[in-house]
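Here's the letter readout for the chains.
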There are 2 protein chains.
Amino acid sequence: MQNIQSYIQEHKDRFLNELIELLKIPSISADSAYKKDVIKTAEVVMDSLKKAGCDTVELCETDGYPIIYGEKIIDKNLPTVLVYGHYDVQPPDPINLWDSPPFEPVIKATEAHPEGAIFARGACDDKGQMYMHVKALEFMTTQNQLPCNVKFMIEGEEEVGSVNLAKYVKENQEKLSNDVILISDTGMIAKDVPSITTGLRGLSYVEVEVTGPNRDLHSGLYGGAVANPINVLTKMIASLQDENNHITIPGFYDNVEELSKEERAQMAKAPFSLENYKKALDIDAVYGEAGYTTNERNSIRPTLDVNGIWGGYTGEGAKTVIASKAYAKISMRLVPNQDWETITALFKKHFESIAPKGVKVKVNPHHGGQGYVTPIDSIGYEAASKAYEDTFGKTPIPQRSGGSIPIVSLFEKELKSKTILMGFGLDSDAIHSPNEHFGIWNYLKGIETIPGFYKHFTQLFK
Amino acid sequence: MQNIQSYIQEHKDRFLNELIELLKIPSISADSAYKKDVIKTAEVVMDSLKKAGCDTVELCETDGYPIIYGEKIIDKNLPTVLVYGHYDVQPPDPINLWDSPPFEPVIKATEAHPEGAIFARGACDDKGQMYMHVKALEFMTTQNQLPCNVKFMIEGEEEVGSVNLAKYVKENQEKLSNDVILISDTGMIAKDVPSITTGLRGLSYVEVEVTGPNRDLHSGLYGGAVANPINVLTKMIASLQDENNHITIPGFYDNVEELSKEERAQMAKAPFSLENYKKALDIDAVYGEAGYTTNERNSIRPTLDVNGIWGGYTGEGAKTVIASKAYAKISMRLVPNQDWETITALFKKHFESIAPKGVKVKVNPHHGGQGYVTPIDSIGYEAASKAYEDTFGKTPIPQRSGGSIPIVSLFEKELKSKTILMGFGLDSDAIHSPNEHFGIWNYLKGIETIPGFYKHFTQLFK
């Protein structure tokens, strides 16, 4: 019976190569052109769970992409850990900004990852972090060190809102019953500063369309006399935030949780260098809601960001045209207690209300999800904390993340169990960006740390 | 010796077919991918001038696309008419909104053109209108009815700013010397309301780039904490016009010519139905600068229109990203006395000055040109007016156009002669838009009317 360190030493090359193969498949759920690849990825994940020792593995069809379910039940009287992850990835564009093709993984050293990092879309979010759990399971089953029951639920629509997973969870509460949910789809503060994510922001994602004249017009013959949908769209979007970067949608802040002085003081203790932050992004100043620090703005405060905008002539050279239509994709990050469907409705009502005469406005809600906060006094959190102590030699810091995993709050609602977010990525890993990567050290450290969670959770569970 | 009407009757099918062949070549000067086609078009135009009876025809190389020069000098003591036109066309996009391919001309009847119109990019702007002059010349030379000297100068860069034509004109003043310049690159009020364009707006066209972080970022991890270049760009553009749609750039209105009550009253007499205007564009209200009518807003007042905007994720589905860069193409239509280079400099200075900390802004001037006003008491105007009276049976109305032909004011400066704008297109011909077309009736009416201008101008020229 090997210990985890020596097992990793012996198998790390294979662990890397298996992940690289997984990363070669462009499982872009947002773009239907990649449908075959997304489904192929599901099959590879299913196969990997079988090999890792699950007794039962199923490819569960949905109205969208399949959910891979696997389980190994060793004793009904022992606790059950449900592992969640996703095998789909964000679109890679802008493709021209990648130093190497997004689906041809390469290993390169970086400042944060001198031991090398795997560069590929999905390396960190979430194929790499999801696969740590598969390899940890392989270790526990082959080395006879699985202390409790385990269930895996790996979906292919996380990047597009997990609509079908939500249905699946509601319809399979018995099958998915568990004592704790374990997810690695977040980050840690630094390699020498382990952290556990205790909060996630919610999300409301909408697409807006502004229509002016029924056809593109010559900007000389009509310019100045008709509403230009692009000019109008810029005015409408600009008006959504005031000079203090407060969001102006009526009712938007009604349920926003205000943290106490003490809580904010606690947060402020997390190691953070504004200078390094600005340097890493090559910006000369940060920008955001008045009255809050950078770490508050991106974690405990809601936001409104335009994720994409387009209209008119965007090709080479000049075209003197007034476009018939202009579009934008807008997302709002929400904090606990803000209901995403309420916020989406408030946005729609407000945005339609501010449209000037002479244009027609459509608001199409895309998807969303609730925010989430996990308590730090649960045995799940304690088990995770001890697991980090074993492998990092220090107690992890609880940290609110600005990101969203919309499905987490639904898990709690439907499955009545808490989620523990053990993330091993770094902010600098560029998830959702060109040149996304995942440190090899982080990948192996995750595989090393996860079995400890199972051990401590089982011991604490009485 | 045939008269023009019977000559058109005999040759109109050939006149149509020759234009259709010319329209099949995608001479898009803004897009370098079409370079070969633009040059091929120049050669076809050169050949058509030879066939139409020019004694000398030259393809004049420039740093860009060639200028076709042709002349027929019958007597140094007679006046000389210089015809200007362009063989390049606007890009056809958005291509999906065309009912038939933009470079596969088809003839269809429309409400305004029951006799049929030719649908193709460039049909009206300007291949069709330019070619009327070639066919009018053919008539005058073959039927021995050319009363004076004629020079043709047809360029291939009008849609991208005529930069090389400007050089060419400055360097060839002697060769281009003339007594009047004749252009058909504008419109007329209606088929039963002939009009002569007496004013054109100037143009300043710029492209702006806003850069935030040095890479695309995850909108969850960074949202709210860094300047989002798209949100910032919308705020910057929105601020360029106030609630009355006055342009806020300091100094922008300094030299704007204010028309007298009388002049505005004169303008107001031109036949115009706001209801039909709104109906044709399917808008429930017009939109523009407070205190001015629709016909004033699009002719005697300057404008600021976004012609294109893009940034972030614009594909299918959702991507939660903060883009590193956002872009816009912005054009300003200027009125007489506004110097386009001064306005461009004012825009650049102002736009850079309103950029918030946390972003970098670039303003790249594209091209521009001065506005133009032609007097209605010149013999050129009188000759044109009589020509219309002969063929339309009524006196044409002088009309300010909102469009720009930047080169016209340069002609006056360098060649010391006035330009007469005899346009035969209709506003509904959708120039610069999908489904651009040119009425067959208008095309033939132009060919019929133009020789009259030569006759009357020569008679009035003493």
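Residues numbered from 1 in each chain as written. Chains lettered and ligands numbered in written order. Predicted model: local features only at pLDDT ≥ 70, side-chain atom pairs only at ≥ 80, totals over all residues. Heavy atoms only, no water.

Engineer: Describe the overall build of chain A, and please don't skip the residues or the numbers.
Structural biologist: Across its full length, chain A holds twelve helices and 18 strands. Here the C-alpha radius of gyration of chain A, 23 Å, is about what a compact globule of 462 residues would show, namely 23 Å. For chain A, the C-alpha atoms occupy an extent of roughly 80 × 50 × 45 Å along the three principal directions. Sequence separation of 24 or more characterises 78% of the internal contacts of chain A that already satisfy a separation of 6 or more. Accessible area for chain A stands at about 16900 Å²; split by element, carbon and sulfur atoms hold 51% of it. (Helix = DSSP H or I, 4+ residues; strand = E, 2+ residues; numbered from the N terminus. Rg over C-alpha atoms; globule rule 2.2 N^0.38 Å. Contact = heavy atoms within 4.5 Å. Areas by Shrake-Rupley, 256 points an atom, 1.4 Å probe, with all protein chains shown as cover.)

Engineer: A description of the UniProt feature "domain: Peptidase M20 dimerisation" (unreviewed entry) in chain A should follow, citing residues and the corresponding values.
Structural biologist: Sites flagged by UniProt as "domain: Peptidase M20 dimerisation" (unreviewed entry) map to residues 199-358 of chain A. Counted over residues 199-358 of chain A, helix gives 28% and strand 21%. Its end C-alpha atoms are 43 Å apart. (UniProt positions renumbered as here; feature names shortened; annotations may be inferred.)

Engineer: So, the sheet that holds strand β18 (residues 437-439) of chain A: which residues are in play, and what are the values?
Structural biologist: Residues and elements named next belong to chain A. Ordered in space as β4-β5-β18, the three strands form an open sheet in which the pairing is antiparallel. The open sheet has two free edges, formed respectively by β4 (106-108) and β18, since each of these has just one partner strand. The sheet shows a mean angle of 30° between the axes of neighbouring strands, taken without regard to direction. Bridge count for strand β5 (residues 117-119) against β18 is three bridges, and the pairing is antiparallel. (Pairing = 2+ DSSP bridges. Axes fitted to C-alpha atoms, helices over the stretch in contact; angles between N-to-C directions.)

Engineer: Account for the interface of chain B and chain A, naming residues and giving values.
Structural biologist: A common way to express how large an interface is: the accessible area buried when the components associate. The partner chain A presents 92 residues to the 92 residues of chain B that form the contact. Roughly 7800 Å² is buried in total at the junction of chain B and chain A, and carbon and sulfur atoms are behind 52% of that figure. Where chain B meets chain A, there are two salt bridges. As a salt-bridge pair, D282 of chain A and K360 of chain B come within 3.9 Å of each other at their nearest N and O atoms. The tally of links from chain B across to chain A stands at 57 residue pairs in polar contact (both at pLDDT 80 or more). Ranked by residues supplied to the side of chain B that touches chain A, first place goes to strand β11 (residues 305-312) of chain B with eight residues. (Buried area = accessible area lost by both parts, 1.4 Å probe. Salt bridge = Lys/Arg side-chain N within 4 Å of Asp/Glu carboxyl O. Polar contact = N/O pair within 3.5 Å; in protein donor to acceptor, adjacent residues only side chain to side chain.)

Engineer: Break down unusual backbone geometry for me, citing the residues and quoting the values.
Structural biologist: Residue and element names in this part refer to chain A. For the peptide bond that leads from D93 to P94, omega is 5°, which places it in the cis range. Relative to the helices and strands, P94 resides in the loop between β3 (80-86) and β4. Here the residue pair D125 and D126 is connected by a cis peptide bond, since its omega of 0° sits within 30 degrees of zero. Within the secondary structure, D126 sits in the loop between β5 and α3 (127-142). With phi around 60°, N435 is a residue other than glycine that occupies positive phi space. Tracing the backbone shows N435 in the loop between β17 (419-421) and β18.

Engineer: I'd like a rundown of the environment of K108 of chain B, residues and numbers included.
Structural biologist: Residues and elements named next belong to chain B. By secondary structure assignment, the location of K108 is in strand β4 (residues 106-108). Separated by eleven residues in sequence, K108 and F119 have C-alpha atoms that sit 7.3 Å apart. Setting aside anything within four residues of it in sequence, one finds K108 in contact with D99, G116, A117 and F119.

Engineer: Quick one: what's the story with the packing of helix α4 (residues 163-171) of chain B against helix α11 (residues 407-415) of chain B, residue by residue and with numbers?
Structural biologist: Residue and element names in this part refer to chain B. In the contact formed by α4 and α11, the axes pass within 10 Å of each other and the chain directions differ by 15°. The angle between the axes of α4 and α11 places the two elements in the roughly parallel class. Where α4 crosses over α11, the two elements pack in a sense that is right-handed. Between α4 and α11, the residues in contact are L165, A166, V169 and K170 and I407, L410, F411, E414 and L415, respectively. Taken together, the residues of the contact of α4 with α11 sort by class into seven nonpolar, no polar and two charged. (Parallel < 35°, antiparallel > 145°, perpendicular 65-115°, else oblique. Left-handed = near helix turned anticlockwise from the far one by under 90°. Nonpolar A, V, L, I, M, F, W, Y, C, P; charged D, E, K, R; others polar.)

Engineer: Break down the nonpolar core for me, citing the residues and quoting the values.
Structural biologist: Within the largest apolar cluster, 72 residues are counted, with the highest numbers of intra-cluster contacts made by I68, V81, Y87, Y443, F453 and Y454 of chain B. When residues of this core are assigned to their parent elements, the largest contribution, nine residues, is made by helix α1 (residues 4-23) of chain B. In this structure, V81 of chain B is in contact with C148, N149, V150, K151, V180, L182, F453, Y454 and F457 of chain B, ignoring residues within four places of it in sequence. Judged by nonpolar contacts, the second largest core, of 63 residues, contains L22, A123, A383 and L426 of chain A. (Core = buried A, V, L, I, M, F, W, Y, C linked by side-chain atoms within 4.5 Å. Buried < 20%, exposed > 50% of the residue type's maximum accessible area, 1.4 Å probe, protein only.)

Engineer: Describe the pattern of salt bridges, listing the residues and the values that go with them.
Structural biologist: This model, assessed by the stated rule, comprises 48 salt bridges over all chains. K135 of chain B is the partner of E18 of chain B in a salt bridge, and the nearest nitrogen-oxygen pair spans 2.7 Å. One end of the pair, E18 of chain B, is in helix α1; the other, K135 of chain B, is in helix α3 (residues 127-142), with 117 residues separating them in the sequence. On the accessibility criterion, E18 of chain B (22% relative accessible area) is partly exposed. Taking the relative accessible area as the measure of exposure, K135 of chain B reaches 3% and is therefore buried. The shortest N-O distance in the salt bridge between E21 of chain B and K24 of chain B comes to 2.9 Å. Assessed through its relative accessible area of 41%, K24 of chain B is described here as partly exposed. What emerges from the salt-bridge pattern is a single network uniting R14, E18, K135 and E138 of chain A.

Engineer: I'd love a proper account of the sheet that holds β11 of chain B, names of residues and values included.
Structural biologist: Across a sheet, paired strands are connected by hydrogen bonds in the backbone, their directions being either parallel or antiparallel. Spatial ordering of the open sheet is given by β14(A)-β9(A)-β13(A)-β11(A)-β11(B)-β13(B)-β9(B)-β14(B), a layout of eight strands whose pairing is antiparallel. Of all the strands in the sheet, the pair left with one neighbour each is β14 (360-369) of chain A together with β14 (360-369) of chain B. Each neighbouring strand pair of the sheet contributes to a mean axis angle of 15°, computed without reference to strand direction. Judged from the five bridges that link them, strand β11 (residues 305-312) of chain A and β11 of chain B form a sheet pairing that is antiparallel. Paired with W310 of chain A across the strands is W310 of chain B, a residue of β11 of chain B. The strands touched by helix α9 (residues 340-353) of chain A within the sheet are β9 (202-211), β13 (325-334) and β14 of chain A, with β14 of chain A carrying the most contacts at an inclination of about 170°.

Engineer: Can you tell me about the packing of aromatic side chains, naming the residues and giving the values?
Structural biologist: Residues and elements named next belong to chain A. Summed over the entire model, instances satisfying the criterion amount to 30 aromatic pairs over all chains. Both rings, one in F453 and one in Y454, keep their centres 6.3 Å apart while their planes meet at 85°; by these two values the pair is edge-to-face. For the pair formed by F453 and Y454, the shared burial category is buried. The rings of Y388, F392, F424 and W441 are connected pair by pair, giving a single aromatic cluster. (Phe/Tyr/Trp six-rings, centres within 6.5 Å; stacked < 30°, edge-to-face > 60°.)

Engineer: Talk me through the environment of Q241 of chain B; I want residue IDs and the actual numbers.
Structural biologist: Looking at the secondary structure, you find Q241 of chain B in the loop between α5 (229-238) and α6 (261-268). Under the relative-accessibility criterion, Q241 of chain B is labelled buried at 11%. Leaving out residues up to four positions away in the same chain, Q241 of chain B has contacts with N231 and K235 of chain A together with H246, I247, T248 and L304 of chain B. A distance of 3.1 Å separates a polar side-chain atom of Q241 of chain B from the backbone oxygen of L304 of chain B.

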